[in-house]
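Structure at a glance
Here is how the chains run, residue by residue.
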Amino acid sequence: VYLRSAFAVPAVCGAKVRGQAARACVVISGIANAATGEPGRQDAIELCDQAAAALQLEANALQPFSTGVIGERLAMDKLVAAIPSLVSSLEADNWLGFATAIMTTDTVAKAVSEQLLIDGEAITVTGVAKGSGMIKPNMATMLGYIACNATVSRQVLQKLATEVANASFNRITVDGDTSTNDCFMLAATSASAMTPIVSVSDPRLADLQQAVASVARTLAQAIVRDGEGATKFVTVTVSGGASEAECLEVAYTVAESPLVKTALFAGDANWGRFCMAIGRAQIEGLDPSGVSLWLDEVEVAHQGLMSASYSEEAGASVLAKDEFEVRIDVGRGSCVETIWTTDLSYEYVRINAEYRS
């Protein structure tokens, strides 16, 4: 389990993660159970206890997750009353139902599955996620769950979860706001007959990691595509950084600039906004004369100046598309990092202005 935040539910879940492996999850959508103090913590524990009893599991084998409105208590009477029917309706192939149930401002359910062979055994990797707004690493107002029937040691699985999260759910931003509640859970059920993977040096791990990473990346990008009010899916790639941190600093500064995001929404090729955002990134000693900028394959700026080949029409034609790439070279090194983001539309303001009404 990869957790970022504290507050009521994540605090309980984190304690359980350190205690033993999870056998089941209790997932609440609509109320975050964050900033609810000790009463909220006790609510989370009681839900786990009630669900564990219905599932005939030890209470410590369950982990609670929740997302939604912050500062409000859970409707415990309704939730506890619903547990028996939820348990009786559990089905192995109901992933899409799960993905639908945890939606909040999402407009589409997010689920994906891939298969591979390990030791001649069919390994299925399936994942679901929710998230649409308040999206920013680490991680976002998002819940992500991926499970596979592989046999993997807990230590290897934890390392895999961290690496996969950093290359997917921790590379997205819709609005730059980070949630009180988020999680990414990676589970291996050991239901297959494969020989266990117990070391990170096991050559079979690479294929499994590739499949898990592909599922996670697809889910993460689906969150961006479903971003609140989003009309554009934008890849921001920064190269030429002296470090990974430098590249990410520039990428997120550009991707989260309200002026850049509104220009993207309008299809306005005002490249000065990109220059502004690059320039205010916290990069010590950044030399503007080493910076170049592209919109897809259209070179906008070369070594700090407008490219001789650039035209407003060419830039506008790229921004008119639903999907495109903003590519930046800062000319300081060999590191490259990519994140995914959206534009900022009137609809985003409406959704969040009316969130609780």
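For the structure given in this document, a descriptive report is provided here. This structure is a prediction, so every number in the text was calculated from the model and none was measured.

Each helix and strand in the chain was counted, giving 11 helices and 13 strands. Computed over the C-alpha atoms, the radius of gyration of the chain is 22 Å, within 12% of the 21 Å expected from 2.2 N^0.38 for a compact globule of 357 residues. Its C-alpha atoms give the chain principal-axis dimensions of about 70 × 55 × 35 Å. Counting only contacts in the chain whose residues sit at least 6 apart along the sequence, the fraction spanning at least 24 positions is 79%. Summed over all atoms, the accessible surface of the chain reaches about 15700 Å², with 53% contributed by carbon and sulfur. Put simply, the chain has 25 plus and 41 minus side-chain charges, and the middle of one group is 5 Å from the middle of the other.

Below, the discussion takes up the environment of Met134. With respect to the helices and strands, the residue Met134 is situated in the loop between strand 5 (121-130) and strand 6 (143-148). Between the C-alpha atoms of Met134 and Glu228, which are 94 residues apart in sequence, the distance is 8.9 Å.

Our focus in this paragraph is the pattern of salt bridges. Inspection of the entire model under this criterion finds 15 salt bridges. Linking Arg73 and Asp43 is a salt bridge whose minimum nitrogen-to-oxygen distance equals 2.7 Å. One end of the pair, Arg73, is in the loop between strand 3 (62-69) and helix 3 (76-88); the other, Asp43, is in helix 2 (residues 37-55), with 30 residues separating them in the sequence. Exposure remark for Asp43: the relative accessible area of 6% places this residue in the buried category. In this structure, Glu337 engages Arg171 in a salt bridge whose closest nitrogen and oxygen atoms are separated by 3.3 Å. One end of the pair, Glu337, is in strand 13 (residues 335-342); the other, Arg171, is in the loop between helix 5 (154-166) and strand 7 (183-188), with 166 residues separating them in the sequence.

Looking now at the pairing of strand 9 (residues 292-295). Residue alternation in strand 9 divides its side chains into two sets, Ser292 and Trp294 and Leu293 and Leu295, and both sets are buried. Where strand 9 meets strand 10 (residues 298-302), three bridges bridge the pair, whose relative direction is antiparallel. Considered in strand 10, the bridge of Trp294 is made with Glu299. What sits between the antiparallel neighbours strand 9 and strand 10 is a turn of two residues, in which Asp296 has the positive phi angle 50°.

Examined against the element boundaries, Val80 turns out to sit in helix 3. Separated by 159 residues in sequence, Val80 and Ser239 have C-alpha atoms that sit 51 Å apart. In this structure, Val80 is in contact with Glu46, Leu47 and Gln50, ignoring residues within four places of it in sequence.

It is worth spelling out the packing of aromatic side chains at this point. Tallying each qualifying case throughout the model produces four aromatic pairs. Centroid distance Phe65 to Tyr145: 5.4 Å. Interplanar angle 85°. Geometry classified as edge-to-face. Here Tyr145 lies in strand 6 and Phe65 lies in strand 3, a separation of 80 residues in the sequence. Given the relative accessible area of 3%, Phe65 is considered buried. Taking 5.2 Å as the distance between ring centres and 85° as the angle between the ring planes, the aromatic pair formed by Phe265 and Tyr346 counts as edge-to-face. Taken as a pair, Phe265 in helix 8 (residues 258-266) and Tyr346 in helix 11 (residues 346-353) lie far apart in primary sequence, 81 residues in all. Residue classification places Phe265 among the partly exposed residues on the basis of a relative accessible area of 26%.

Of all hydrophobic cores here, the largest spans 37 residues; its most connected members are Val125, Ile146, Phe169 and Leu208. If we ignore the near neighbours within four places in the chain, the residues touching Val125 are Val112, Ser113, Glu114, Leu116, Ile146, Ala147, Cys148, Leu208, Ala211, Val212 and Val215. Core analysis: the second largest hydrophobic core is formed by 34 residues, Val236, Ala281, Leu295 and Phe324 among them.

Moving on to the side chain of Lys130. Take Lys130: it is sitting in strand 5. No salt bridge is formed by the buried Lys130; the nearest opposite charge belongs to Asp106, separated by 4.1 Å. Among the polar contacts made by the side chain of Lys130, one reaches the side chain of Thr104 at a distance of 2.8 Å.

If you walk across this open sheet you meet the six strands as 11-10-9-12-8-13, and the pairing is mixed. In the strand order of this sheet, the two ends are held by strand 11 (305-306) and strand 13, each with one partner. By the bridge criterion, four bridges tie strand 9 to strand 12 (residues 323-329) in an arrangement that is antiparallel. Across the sheet, the residue bridging to Leu295 is Val326, located in strand 12. Strands in contact with helix 6 (residues 205-225) are strand 8 (233-241), strand 12 and strand 13; relative to strand 13, the strand with the most contacts, it is inclined by about 45°.

Criteria and cut-off values
Residues numbered from 1 in each chain as written. Predicted model: local features only at pLDDT ≥ 70, side-chain atom pairs only at ≥ 80, totals over all residues. Heavy atoms only, no water. Helix = DSSP H or I, 4+ residues; strand = E, 2+ residues; numbered from the N terminus. Rg over C-alpha atoms; globule rule 2.2 N^0.38 Å. Contact = heavy atoms within 4.5 Å. Areas by Shrake-Rupley, 256 points an atom, 1.4 Å probe, with all protein chains shown as cover. Lys, Arg positive; Asp, Glu negative; His and termini not counted. Charge placed at Lys NZ, Arg CZ, Asp CG, Glu CD. Salt bridge = Lys/Arg side-chain N within 4 Å of Asp/Glu carboxyl O. Buried < 20%, exposed > 50% of the residue type's maximum accessible area, 1.4 Å probe, protein only. Pairing = 2+ DSSP bridges. Phe/Tyr/Trp six-rings, centres within 6.5 Å; stacked < 30°, edge-to-face > 60°. Core = buried A, V, L, I, M, F, W, Y, C linked by side-chain atoms within 4.5 Å. Polar contact = N/O pair within 3.5 Å; in protein donor to acceptor, adjacent residues only side chain to side chain. Axes fitted to C-alpha atoms, helices over the stretch in contact; angles between N-to-C directions.

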